[in-house]
Amino acid sequence: MKKTIAVRSLLVGAASALAAVSLFYSCAVPKTANLAAGDAAGKVYVPPGSYDQYYAFLSGGYNGQIGVYGLPSGRLLKFVSVFSQNPETGWGYNEESKPMLQTTYGFIPWDDTHHPELSQTDGVPDGRWLFINGNNTPRVARIDLTTFETTEILQIPNSAGGHASPFTTPNTKYIVSATRFSVPIPNNDVAIESYKKNFKGTLSFITADQPGKMDIAFQILLPGFNYDLGHAGKGPSDGWFFFTSYNSEQANEKLELNASQNDKDFIAAVNYRQAEQCIAQGKSRTAPAEYFHNVMDEKSHQARSEKKTSVTMLDPSSCPGMVYYLPTPKSPHGVDIDPSGEYIVAGGKLATVIPVHSFSKLQKAIADKQFDGDVDGIPVLKYSATIAGEVQKPGLGPLHTEFDGKGNAYTSMFISSEIVKWKLGTWEVLDRMPVYYSVGHLMIPGGDSKKPWGQYVLSLNKITKDRYLPTGPELSQSAQLIDISGDKMKMLLDFPTIGEPHYAQALPAALIKDKQLKYYKLSENTNVGVVHAEKEGGISRNGRRVDIKMAAIRSHFAPDNLEGVQVGDTVYFHVTNIEQDWDIVHGFAVLGAENSELIIAPGATRTLKWIPKATGVYPFYCTDFCSALHQEMQGYVRVSPAGSNTPLIANISKKAAAQISKNEKEHAQHSAAGGGR
Ligand code: K7E
Ligand code: CUA
């Protein structure tokens, strides 16, 4: 709890720098500075009909989704619905996907996503899956990169603020999640003042290499700091994971001031192989923990939720050699490991340098017991024993670092709004590029992996102020594409993003472009409401529940006229798109429905729940312009009073129905089989 003058003046310095930058925004910026001389347009131009070179996956931040953009053009290709309901796709509205958003807090239709992370093989993005974290209700999700659909969501128990997540180990054995907010574990009713005594942090290691089977492999219980970001070691540091923390002061109020007192906070260096060994030796315990695991079944297109009730918990005191603390200035944010696996780069939000630890020095410091005390039994290593170097005068507010694979590092500077290029090993600053404005993360395709594709860096900016046509008080965030193929950075392109792109990942399009699923096989569809052909459509009643099975095909629904529904029934429209053709998508919307439409990929089934409240005739129609006769793709459902005797009819006029029932009677009399519908 020391309050030094130096700390104060640094804080004031940062604050006044912030004010200066704010002023800077509104007037003096030469808006076309540092453009690649004349040829920038040509470098990002992707002619009509041609493909972008990279897929980039940008977190949507507080919209809870992922935006997929092409690079270098910056064209938006798709939104992947993850933790948020999305009316554009029906995600979280249709009955099939609702269980994906189930948590111990109930059905949560929203989250705040921060960090997309590609799966890796031998430390290189492999194009199998993309993971992303839910920050508010701690969760991790898996997105299948053949369908660009979320297929699995795991809730993280004993956690609050799943921010340091879901960074992967080099072969995707584990992804991780750490508590940003320490909380009582298990959470319970205690005085907030008892923070230092009762609040703890957890690090979760999540098995990730088997689709449909994500689970908490183990959790590590740590002192009650704020755990912020993480990255796995690779090469020589493979088997280790590094997490930044701030608030080593363990303040529980006015953190802005009270968590900025200590000159250094910590990076937690975790030997997860040691953790595995301790578990094998029976040194862990089973702790109660409630959490949901939700999986979308590929064949039935139906998500299922399973509630789990315990986790494997490791206490550092019962597993010596598992966790060490590396003192690191000053409320560090990002921690990034260079492609060789030797350097551990921290971003100290309020630091005046970029500190870089050395993994080999870390190993030696542990062997030589170069400790500087401990925190709750966790050894603290001497700063001088692990530090490899400091980048001097890098700029203000270093947050995150990516690498180009050619020995250079690029660090985002939030306060001074720039990207700074520096050299690994000599720590000298090589170049600076102003960005507009207040960059958070930055991203080089593969830039956190063993083999970066070091052609571009994308600056992910928080504030756009005067950069675009103004749109009221709230403006978009933005991305800026910078060419890093030469000695000097060249600004190429500026494009707005939907949502706040905290972090992003990208890979060469060639890795996944030809693996895309074009349609779901109808013959393999096992949804309870599926129809494989038009003639299987129909309506049935079971008490107050009515199930309508429908086929959608250019350009009609079958059946398309429905009667016998009553006010207060619970009606399920199960609509199957029976097309077996790429990109022929149908929609379904019914007048009076209280949630979204359905959007149905070829070969898939989606179900809309509807409780009609008043009698009448309600039209429904296809919402996705699918053919020249798309406007003809419609139908009606008649709603009669509760208890009425309107017969159940699907697609059949009364006259025809009467004729059919007459025929059926005759058939029955002749002991022949009746015609189905
Ligand atoms: Cu720096 Cu959430 Cu990764 Cu945003 S975090 S910037
Ligand atoms: Cu089907 Cu429009």
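### What to know about the overall build of the protein
Summing up its helical and strand segments, the protein has eight helices and 45 strands in all. Against the 2.2 N^0.38 benchmark of 26 Å for 677 residues, the protein shows a C-alpha radius of gyration of 28 Å, consistent with a compact globule. Out of the 677 residues belonging to the protein, those deemed buried represent 57%. Partitioning the intrachain contacts of the protein with sequence separation of at least 6 by distance along the chain shows that 63% fall at a separation of at least 24.

### Here's the deal with the site of ligand 1
Near ligand 1 the following residues occur: His114, His115, His163, Leu229, His333, His400, Gly440, His441, Lys462 and His502. Among the residues forming the shell around ligand 1, the class breakdown is one nonpolar, eight polar and one charged.

### Thoughts on the side chain of Asn63
Among the structural elements, Asn63 can be located in the loop between β1 (54-59) and β2 (65-71). You can call Asn63 buried: its relative accessible area is 19%. Side-chain polar atoms of Asn63 contact the backbone nitrogen of Gln65, separated by 2.9 Å. When near neighbours in sequence (up to four residues on either side) are disregarded, Asn63 contacts Phe79, Ser84, Asp111, Ile498 and Gly499.

### Some thoughts on the state of the cysteines
Covalent bonding between the sulfur atoms of two cysteines is what defines a disulfide. Taken as a whole and assessed by the stated rule, the structure comprises one disulfide. Put simply, Cys278 and Cys319 are joined by a disulfide, and their sulfur atoms are 2.0 Å apart. Its S-S torsion of approximately 85 degrees makes the covalent link between Cys278 and Cys319 right-handed. One end of the pair, Cys278, is in helix α5 (residues 272-280); the other, Cys319, is in the loop between β18 (303-314) and β19 (323-328), with 41 residues separating them in the sequence.

### Focus on helix α6 (residues 359-367)
Restricting attention to buried positions, one finds in α6 the residues Phe359, Leu362, Ala365 and Ile366. Buried positions in α6, seen along its axis, are confined to an arc of 115 degrees and lie on one side of it. Across from the buried face of α6, at angles greater than 90 degrees, the exposed residues are Lys364 and Ala367. Immediately beyond the C-terminal end of α6, within one or two residues, lies Lys369, with a positive phi of roughly 50 degrees.

### Considering the domain arrangement of the protein
When the parts of a complex come together, some accessible area is lost, and that lost area is often taken as the interface size. Each domain of the protein was delimited in the assignment, giving domain 1 (56-464 + 475-515) and domain 2 (525-662). Taken over C-alpha atoms, the centre of domain 1 sits 45 Å from the centre of domain 2. The interface of domain 1 with domain 2 comprises twelve residues on the first partner and 15 residues on the second. The junction of domain 1 with domain 2 conceals about 1,100 Å² of combined surface from both sides, 46% of it contributed by carbon and sulfur atoms.

Cut-offs and rules
Here the residue index of a chain counts from 1 through its sequence in written order. Chains and ligands are labelled by the order in which they are written, letters from A for the one and numbers from 1 for the other. In keeping with the predicted nature of the model, local features appear solely for residues at pLDDT of at least 70, side-chain atom pairs appear and are counted solely at 80 or more, and the whole-chain, interface and lining totals rest on all residues. Hydrogens and waters are ignored; side-chain quantities use all the structure's heavy atoms. Under the scheme used here, helices are H or I runs from DSSP no shorter than 4 residues and strands are E runs no shorter than 2 residues, and both carry numbers assigned from the N terminus. It is over C-alpha atoms that the radius of gyration is taken, and the globule rule equals 2.2 Å times the number of residues to the power 0.38. The cut-offs for exposure are 20% and 50% of the maximum accessible area for each residue type, with area from a 1.4 Å probe on protein chains only; residues under the lower value are buried, those over the upper are exposed, and the others partly exposed. Residues count as neighbours in contact if any of their non-hydrogen atoms are within 4.5 Å of one another. Near residues are defined by distance, with any heavy atom within 4 Å of the molecule or strand qualifying the residue. The classification used treats Ala, Val, Leu, Ile, Met, Phe, Trp, Tyr, Cys and Pro as nonpolar, Asp, Glu, Lys and Arg as charged, and all other residues, Gly among them, as polar. Throughout this description, a polar contact denotes any pair of N or O atoms lying within 3.5 Å of each other; where both atoms belong to protein, one of them has to be capable of donating a hydrogen while the other can accept it, and for residues adjacent in sequence the pair is counted only when both atoms sit in side chains. Any two cysteine sulfur atoms within 2.5 Å of one another count as a disulfide. Directions from the helix axis toward the C-beta atoms define the arc. For the domains described, the bounds stem from an automatic or database domain assignment. Here the buried area means the combined drop in accessible surface, using a 1.4 Å probe, for two parts upon being joined, counting both sides.

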